[in-house]
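One letter stands for each residue in the lines below.
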Amino acid sequence: MQLKDSSLLKTQCFIDGNWVGEERDDVINPATGEVIARVPHLGKKEAKEAILCAELAFKPWAKLLAKERSAILRKWYDLIVENADDLAVIMTIEQGKPLAESKGEILYGAGFIEFYADEARRIYGETIPTFRKDSRVIVTKQPIGVMAAITPWNFPSAMISRKVSPALAVGCTAVIKPAPETPLSALALAELAKRAGIPDGVFNVITGDAPSIGQEMCENDAVRFVGFTGSTAVGKLLMRQAADKVKRVGMELGGNAPFIVFDDADIDAAVEGLILSKFRNSGQTCICANRIYVQDAVFDEFSDKLVAAVSKMKVGSGLGEGVNQGPLINMRAVEKVEDHLQDALDHGAKVLIGGKRHDLGGTFFEPTIVAEAKQEMKVSREETFGPLAPLYRFKDEDGVVAMANNVTAGLAAYFYSRDIGRIWRVAEELEYGMVGINVGILASAETPFGGIKESGIGREGSHHGVEEFLEIKYMLMSGIDG
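Now for a look at the structure at hand. A quick note: this is a predicted structure, and the numbers were derived from the prediction, not measured.

## Some remarks on the nonpolar core
(1) Moving on: Counting 58 residues, the largest nonpolar core has W76, I80, L168, I176 and F203 as the members making the most contacts within it.
(2) Moving on: Here this core gets nine residues from one element, more than from any other, and that element is helix α6 (residues 183-196).
(3) Moving on: Contacts of I176, omitting those with residues within four sequence positions, involve M147, A149, T151, I160, V164, F203, N204, V205, I206 and M217.

See the structure below:
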């Protein structure tokens, strides 16, 4: 791992401003299968210590002027941008995504810190017309306290900054448990947080036993918010554990995004949008297109152009020149893609391109398109999380909207159309928290990210993102006219 600043590669946990823990758990490069580092395997005891440190740091951090917290966050942002090349290398080696995608994620994630550094100075209260002549009604907003978050491997940097930066901006402190597959990106962010002057205990990163750490986060009285990005099953477990303490939760869970191409769409733009949505990060994103519905009249044109575009994709190590699809994260991910693909074939689907493990071996899989997908297939009900694109035919608007909504997930949806009436109708009828219209990528720091139904609770990003970390306090001031 060739870095300009080798001190960004940290292999210990970050608690109360100190690097602690004995290196034990392997971190593996998914492109080569090689062990690139080892990190500590901590548990309930250390999680409790980290939470205590965050609790002790909370009041001093919250009492800083908003302008002071803003300046520190802005410095953190600047350091991330300055070190984006090294951070991208670390991410690519531990996660597998192409280097350009990794750098894009670093800058995308840094954008949340920049946004909330500004938002820190815009946490406003209000006055309400009084109901008593001798009184005044005032509403203020105060930080809730310690937040804890469990973050995923597919976006190991941005999912941390997206969760942590609004919390820190308003005066909360944080304890983060990154995914075991990708802890190095989290620890590098911690190193830059320390350099930026974030006080000890305000931002902590702990690696190790997920069940015991997660349980401590949910049950510890000091933690007032638990955030999670990952599977719906684990999200439900965390919600149950947090319920006894009546904690706030932020859940960004599974998706099963429909991608609809109507017969009046710009087909070339739709193909480009699908490539970005489906094959970014080798299909390992919660908002990537999972079901591609194409209207009969343009099905052949769309599928032909899509196959031509996919045939030009280069698969390989994320550090390789021109590579736009890296490996899957592990062999379980490969086996899931194979299972969904075989199920589709058993139900009559036809492979148009790809369809097997790549000649590179390991966890590399060919970008794959299948036609004649049906609603009874596994891919219609489950999130594939891999480079498998099933194409469904549909006849009319009402029918495709019904199929798109016939899932328990409700995170992101996409559709392409140039009919303004249809655009409004379909956008309003789709049961999803986010809808991309004539676009394949829709997330940004300025916009609210989150889903409905079993895809989650709460929103990350935008000015709505701070609301989870603020308590509303009502004050009635009487005796004024006495």
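## A look at the sheet that holds strand β13 (residues 289-295)
(1) Moving on: Strands sit in the order β14-β15-β16-β13-β12-β17-β18 across an open sheet of seven strands; the sheet is mixed. Strands at the two margins of the open sheet, each flanked by one partner only, are β14 (350-353) and β18 (434-437). When the angles between neighbouring strand axes are averaged without regard to direction, this sheet yields 25°.
(2) Moving on: Examined bridge by bridge, strand β15 (residues 368-371) and strand β16 (residues 388-394) share three bridges and lie parallel to one another. Note that in β16 the partner of T368 across the bridge is L388.
(3) Moving on: This element, helix α9 (residues 267-279), spans β12 (257-261), β13, β15, β16 and β17 (412-416) of the sheet and lies at about 165° to β12.
(4) Moving on: Where helix α13 (residues 397-405) meets the sheet, it contacts β12, β13 and β16, and its direction lies at approximately 170° from that of β13.

## A look at the pairing of strand β10 (residues 223-229)
(1) Moving on: A large share of β10 lies buried, amounting to six of its seven residues.
(2) Moving on: One ladder, built from five bridges, connects strand β7 (residues 146-150) with β10; its direction is parallel. Pairing of M147 across the sheet is with F225, part of β10.
(3) Moving on: Summarising the sheet, β10 and strand β11 (residues 248-252) pair through five bridges and their orientation is parallel. Bridging from a neighbouring strand, F228 pairs with M251 of β11.
(4) Moving on: Crossover connection from β10 via helix α8 (residues 232-243) to parallel β11: handedness right-handed.

## Structural notes on the side chain of E105
(1) Moving on: Among the structural elements, E105 can be located in helix α4 (residues 99-119).
(2) Moving on: When residues no more than four places from it in sequence are discounted, the contact partners of E105 are M91, K97, N154, F155, P156, S157 and A158.

## Digging into the pattern of salt bridges
(1) Moving on: All chains considered together, the criterion is met by 32 salt bridges.
(2) Moving on: A salt bridge links D26 to R38; its shortest N-O distance comes to 2.8 Å. One end of the pair, D26, is in strand β3 (residues 23-28); the other, R38, is in strand β4 (residues 35-40), with 12 residues separating them in the sequence.
(3) Moving on: Using a relative accessible area of 38% as the deciding quantity, one classes D26 as partly exposed.

## Digging into unusual backbone geometry
(1) Moving on: With a phi close to 50°, V246 is a non-glycine residue in the positive phi region.
(2) Moving on: Summarising the element assignment, V246 is placed in the loop between α8 and β11.
(3) Moving on: One non-glycine residue with positive phi stands out, namely S282, at about 55°.
(4) Moving on: Along the chain, S282 turns up in the loop between α9 and β13.

## With respect to α4
(1) Moving on: Taking 1.5 Å of rise per residue, 21 residues should cover 30 Å, and α4 covers 30 Å from first to last C-alpha, within 8% of that figure.
(2) Moving on: Listed in full, the buried residues belonging to α4 are S102, E105, I106, G109, A110, G111, F112, I113, F115, Y116, A117 and E119.
(3) Moving on: Where α4 is buried, its residues contact α2 (66-82), α3 (84-95) and α5 (158-170).

## A closer look at the packing of α3 against α6
A packed helix pair is summarised by two numbers, namely the angle formed by the two axes and the spacing between the axes.
(1) Moving on: Put simply, α3 and α6 touch, their axes get as near as 8 Å, and they point 160° apart. When the axes of α3 and α6 are compared, the pair comes out roughly antiparallel. In this structure, α3 meets α6 at a crossing whose hand is right-handed. Facing α3, whose interface residues are L87, I90, M91 and E94, α6 presents P183, L184, S185, A188 and L192.
(2) Moving on: Each residue belonging to the contact of α3 with α6 can be placed in one class, and the counts come to seven nonpolar, one polar and one charged.

## What about the environment of H41?
(1) Moving on: Within the secondary structure, H41 is located in the loop between β4 and α1 (44-63).
(2) Moving on: Judged by relative accessible area, H41 falls into the partly exposed class, the value being 31%.
(3) Moving on: Linking H41 and G21, residues 20 residues apart in sequence, is a C-alpha distance of 7.7 Å.
(4) Moving on: Beyond its immediate sequence surroundings of up to four residues, H41 is in contact with E22, R24, D25, T207, G208 and D209.
(5) Moving on: For H41, the side chain forms a polar contact with the side chain of D25, separated by 2.6 Å.

## Describing α3
(1) Moving on: Helix length check: α3 (12 residues) gives 16 Å between terminal C-alpha atoms against 16 Å at 1.5 Å per residue, within 8%.
(2) Moving on: In terms of burial, α3 is largely enclosed, as 11 of its 12 residues are buried.
(3) Moving on: As for α3, its buried residues are in contact with β3, β4, α2, α4 and α6.

## A look at the packing of α1 against helix α7 (residues 210-219)
(1) Moving on: At a minimum axis separation of 8 Å, α1 and α7 run at an interaxial angle of 40°. Relative to α7, the element α1 is oriented oblique. As α1 packs across α7, the resulting crossing turns out to be right-handed. On α7, the residues that touch K44, A47, K48 and I51 of α1 are S212, I213, E216, M217 and E219.
(2) Moving on: In terms of residue class, the contact of α1 with α7 is made up of four nonpolar, one polar and four charged.

## Side note on the pairing of strand β8 (residues 173-177)
(1) Moving on: Most of β8 is tucked away, with five of its five residues classed as buried.
(2) Moving on: Side-chain alternation along β8 places T173, V175 and K177 on one buried face and A174 and I176 on a second face that is also buried.
(3) Moving on: Examined bridge by bridge, β7 and β8 share five bridges and lie parallel to one another. In the strand pairing of β8, A148 is matched with V175.
(4) Moving on: Taken together, β7, α5 and β8 constitute a β-α-β crossover, and its handedness is right-handed.
(5) Moving on: Between the parallel pair β8 and strand β9 (residues 203-205), the chain is carried across by α6, and the sense of this crossover is right-handed.

What counts, and at which threshold
- Residues numbered from 1 in each chain as written.
- Predicted model: local features only at pLDDT ≥ 70, side-chain atom pairs only at ≥ 80, totals over all residues.
- Heavy atoms only, no water.
- Core = buried A, V, L, I, M, F, W, Y, C linked by side-chain atoms within 4.5 Å.
- Buried < 20%, exposed > 50% of the residue type's maximum accessible area, 1.4 Å probe, protein only.
- Helix = DSSP H or I, 4+ residues; strand = E, 2+ residues; numbered from the N terminus.
- Contact = heavy atoms within 4.5 Å.
- Pairing = 2+ DSSP bridges.
- Axes fitted to C-alpha atoms, helices over the stretch in contact; angles between N-to-C directions.
- Right-handed = clockwise from strand over helix to strand, strands pointing away.
- Salt bridge = Lys/Arg side-chain N within 4 Å of Asp/Glu carboxyl O.
- Expected span 1.5 Å × (residues − 1).
- Parallel < 35°, antiparallel > 145°, perpendicular 65-115°, else oblique.
- Left-handed = near helix turned anticlockwise from the far one by under 90°.
- Nonpolar A, V, L, I, M, F, W, Y, C, P; charged D, E, K, R; others polar.
- Polar contact = N/O pair within 3.5 Å; in protein donor to acceptor, adjacent residues only side chain to side chain.

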